[in-house]
Amino acid sequence: MNGERGSDSRRRYIYKSTAMKKYGLTSNQVEEAIRRGLITDFKYVANPHYLSAPQALLISEEELLGKLEEIKKLPRYSEAEREKRRAYRAKRKMLEIASFECPLCSMKTMPLKGSLTRKALYQGQLTPEEARIVAVVTHFRHAHTEYDHARQNLERLASFLRPEEGEMLLQALNRYLRLKRRRGRRAREEREFLLEDFRWLRAKALEKAKRAYTKEAIEKAKRYGLLPQDLTLEQYERIVEKIIEED
Ligand SMILES: [Zn+2]
């Protein structure tokens, strides 16, 4: 007899999450029902799944059913939840404006999660329209110009420098390799200078190549109506300066 009554009394209570699923309620409605005294028969127990989690709420199903229509009229979300949802929707809206689908390759891009662009967008350093411009130009530079190819090709890179610097860049590695066979302090020093020259010239060439391909990307994207027609390279660079650029 006692055992039966025990299981009966256990059956009288249901978890808040069960109540929500079974009766189409929200967490706020259940909590609010308790705050307003519509549900008086409830108890908190240790979470059955995780000991470290907050206590689980059990409520009397019978009492809940008796007040169900009233409870369903309670606000579905608390003010804090509504604020959170508003902020979330505002962020989605910003991302939507900042996204685009490329008419050339159908690729969809948007500021990636965790990217500096998305951070700048959320923090208000960039407008969604500016973030979209960055997304368009970056995509065009990588996908629809020779930029990625040129980055890997020393001769192409050299062509962006003044002729004598370009020549130095191309020769630096060969001279370095020749010197590698020689021993002694002088050879070592010369090698270090050469490497330094090489790195410096390569960085300079990369920067010039990036500017040139960015300009090409801007003009190309304009032809597809993806950018303001009067956008200049300089204006674009000022937008990019607002984020620390990643590549
Ligand atoms: Zn594309």
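A few points about the overall build of the chain
Link 1 in the chain: A tally of helices and strands in the chain yields 13 helices and five strands.
Link 2 in the chain: The C-alpha radius of gyration computed for the chain amounts to 32 Å, which surpasses the reference 18 Å derived for 247 residues by more than 25%, pointing to a less compact arrangement than a globule.
Link 3 in the chain: For the chain, the share of sequence-separated contacts (at least 6 apart) that also reach a separation of at least 24 residues comes to 60%.

As for unusual backbone geometry
Link 1 in the chain: Phi at Ser106 is positive, roughly 65°, even though this residue is not glycine.
Link 2 in the chain: In this fold, Ser106 is placed in the loop between β4 (100–101) and β5 (108–109).

A few points about the environment of Lys16
Link 1 in the chain: Considering the arrangement of structural elements, one finds Lys16 in helix α2 (residues 16–23).
Link 2 in the chain: Put simply, Lys16 and Ile59 are 43 residues apart on the chain and 6.7 Å apart in space, counted from C-alpha to C-alpha.
Link 3 in the chain: Look past the residues within four positions of Lys16 in its chain and what remains in contact with it is Ser27, Val30, Leu57 and Ile59.

As for the domain arrangement of the chain
Link 1 in the chain: By domain assignment, the chain separates into domain 1 (2–72) and domain 2 (83–241).
Link 2 in the chain: Here the C-alpha centre of domain 2 lies 57 Å away from the C-alpha centre of domain 1.

Regarding the sheet that holds strand β3 (residues 56–60)
Link 1 in the chain: The three strands lie next to each other as β1-β3-β2, forming an open sheet whose pairing is antiparallel. Both edges of this open sheet fall to β1 (13–15) and β2 (42–45), since each of them pairs with a single strand only. For this sheet the average axis-to-axis angle between neighbouring strands, irrespective of direction, equals 30°.
Link 2 in the chain: Taken together, the four bridges between β2 and β3 define a ladder with antiparallel strand orientation. Paired with Val45 across the strands is Ala56, a residue of β3.

Structural notes on the nonpolar core
Link 1 in the chain: Counting 29 residues, the largest nonpolar core has Val136, Val137, Ala209 and Ala221 as the members making the most contacts within it.
Link 2 in the chain: Breaking this core down by element, the ones donating at least two residues are α6 (79–98), α7 (116–122), α8 (128–144), α9 (147–151), α11 (163–180) and α12 (185–223).
Link 3 in the chain: With eight residues, α12 is the single largest residue contributor to this core.
Link 4 in the chain: Look past the residues within four positions of Ala221 in its chain and what remains in contact with it is Val136, Val137, Phe140, Leu226 and Leu227.

With respect to the pairing of β3
Link 1 in the chain: Burial of β3 is one-sided: the residues Leu57 and Ile59 facing one way are buried, the residues Ala56, Leu58 and Ser60 facing the other way are not.
Link 2 in the chain: Pairing of β1 with β3 involves three bridges; the strand directions are antiparallel. Residue pairing in the sheet places Ile14 in a bridge with Ile59 of β3.

Concerning the packing of α8 against helix α13 (residues 233–241)
Link 1 in the chain: Where α8 contacts α13, the axes come no closer than 10 Å and their chain directions differ by 110°. It follows from the interaxial angle that α8 and α13 lie roughly perpendicular. The element α8 and its partner α13 pack so that their crossing is left-handed. On α13, the residues that touch Glu130, Ile133, Val134 and Val137 of α8 are Tyr236, Ile239 and Val240.

Criteria and cut-off values
- Residues numbered from 1 in each chain as written.
- Predicted model: local features only at pLDDT ≥ 70, side-chain atom pairs only at ≥ 80, totals over all residues.
- Helix = DSSP H or I, 4+ residues; strand = E, 2+ residues; numbered from the N terminus.
- Rg over C-alpha atoms; globule rule 2.2 N^0.38 Å.
- Contact = placed C-beta atoms within 7 Å.
- Domains from an automatic or database assignment.
- Pairing = 2+ DSSP bridges.
- Axes fitted to C-alpha atoms, helices over the stretch in contact; angles between N-to-C directions.
- Core = buried A, V, L, I, M, F, W, Y, C linked by C-beta atoms within 7 Å.
- Buried ≥ 20, exposed ≤ 12 C-beta atoms within 10 Å, placed from the backbone.
- Parallel < 35°, antiparallel > 145°, perpendicular 65-115°, else oblique.
- Left-handed = near helix turned anticlockwise from the far one by under 90°.

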